[in-house]
Amino acid sequence: MRPWIGITCGFDADEHQFRLNTPYQQAIEAAGGVPVLLGASPDLAADLLSRLDGLLFTGGADLDPALYGLEPAAGLGGVSPARDAFEIALVREAYRAGVPTLGICRGCQLLAAAGGGTLFQDLPSERPGSLKHFQDAPRGHKSHAVELVPGTYLAETIGQTQIKVNSFHHQAVRTLPEGAILAATAPDGVVEAFEDPRHPHWLAVQWHPEGLWRDDPAALALFRSLVEAAKKVVSA
Ligand code: MN
């Protein structure tokens, strides 16, 4: 049976709309999962999760820095408090329940903040000398290098330690959550991925594999590994 993979959506409170870029849904289907688009109140997170086999936290607005104990810096972008509340409830329940989880971009930052890590609110202003991490190039263009940490789940999944990725973020993980390990860095030292070896599948990447998977086996491998881990939930 194909596992059901929940996919979080952007939420525009002013327009009363959920939004999702379709390549996330297409990537989950290509990897063998059934995509289930999520939108619910935070108090339904546990009930929702009990019917899912895996989770994908997608990109989008900045997290409210109050979630990691900071006041808003001048470089902070738009935030989405309703989305934050739902996703924080979901991600904490997913960790507790051992549900295979992949975080992409904002999702990476969410996994960090939910576990007690912190973020740079704006790389250009708070970390001068960083590479250009918000590329002015198409989604499928791989603009900067990433070095994977040998021996990590990520490096095993991708099967290489040097790759190139696309990059559309102005924030980044500053300190990892307790118990997590670094899995990849950009050449400037910015955290590009982390994972939690205590969990069956808890992986966070700062780049956007959903924009690369059609032409890039290293990107498709991330969705495949999530779906494969979720299949073990289905058969358990
Ligand atoms: Mn980057």
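Scroll up a little and you will see the structure.
My aim in this report is to walk through the structure given alongside it, one point at a time. Nothing here was measured: the structure is a model prediction, and the numbers come from that model.

### Some remarks on the coordination of the manganese ion
For step 1, the next point in the chain: Ligation of the manganese ion by protein atoms is provided by His133 (ND1), His144 (NE2), Ser167 (OG), His169 (NE2) and Glu192 (OE), these donors lying 2.3 Å from the ion.
For step 2, the next point in the chain: Owing to a relative accessible area of 5%, His144 belongs among the buried residues under this scheme.
For step 3, the next point in the chain: Given the relative accessible area of 0%, Ser167 is considered buried.

### Section: unusual backbone geometry
For step 1, the next point in the chain: Phi at His16 takes a positive value of approximately 55°, unusual for a residue other than glycine.
For step 2, the next point in the chain: If you trace the backbone, His16 turns up in the loop between strand 2 (10–12) and strand 3 (17–19).
For step 3, the next point in the chain: Even without a glycine there, the phi angle at Cys105 is positive, about 55°.
For step 4, the next point in the chain: Note on placement: Cys105 falls in the loop between strand 6 (101–104) and helix 4 (106–114).

### As for the pattern of salt bridges
Oppositely charged side chains can form a pair if their charged atoms are brought close together.
For step 1, the next point in the chain: Throughout the structure, instances matching the rule amount to twelve salt bridges.
For step 2, the next point in the chain: A salt bridge links Arg19 to Asp12; its shortest N-O distance comes to 3.3 Å.
For step 3, the next point in the chain: Among the residues examined, Arg19 registers a relative accessible area of 44% and is labelled partly exposed.
For step 4, the next point in the chain: A salt bridge links Glu178 to Arg198; the shortest N-O distance between them is 3.5 Å. Taken together, the positions of Glu178 in the loop between strand 10 (172–175) and strand 11 (181–185) and Arg198 in the loop between strand 12 (191–195) and strand 13 (202–205) put the pair 20 residues apart, joining distant regions of the chain.
For step 5, the next point in the chain: Residue Glu178 is classed as exposed on the basis of its relative accessible area of 60%.

Definitions and limits used
- Residues numbered from 1 in each chain as written.
- Predicted model: local features only at pLDDT ≥ 70, side-chain atom pairs only at ≥ 80, totals over all residues.
- Heavy atoms only, no water.
- Donors = N, O, S within 2.8 Å, 3.2 Å for Na, K, Ca; no water.
- Buried < 20%, exposed > 50% of the residue type's maximum accessible area, 1.4 Å probe, protein only.
- Helix = DSSP H or I, 4+ residues; strand = E, 2+ residues; numbered from the N terminus.
- Salt bridge = Lys/Arg side-chain N within 4 Å of Asp/Glu carboxyl O.

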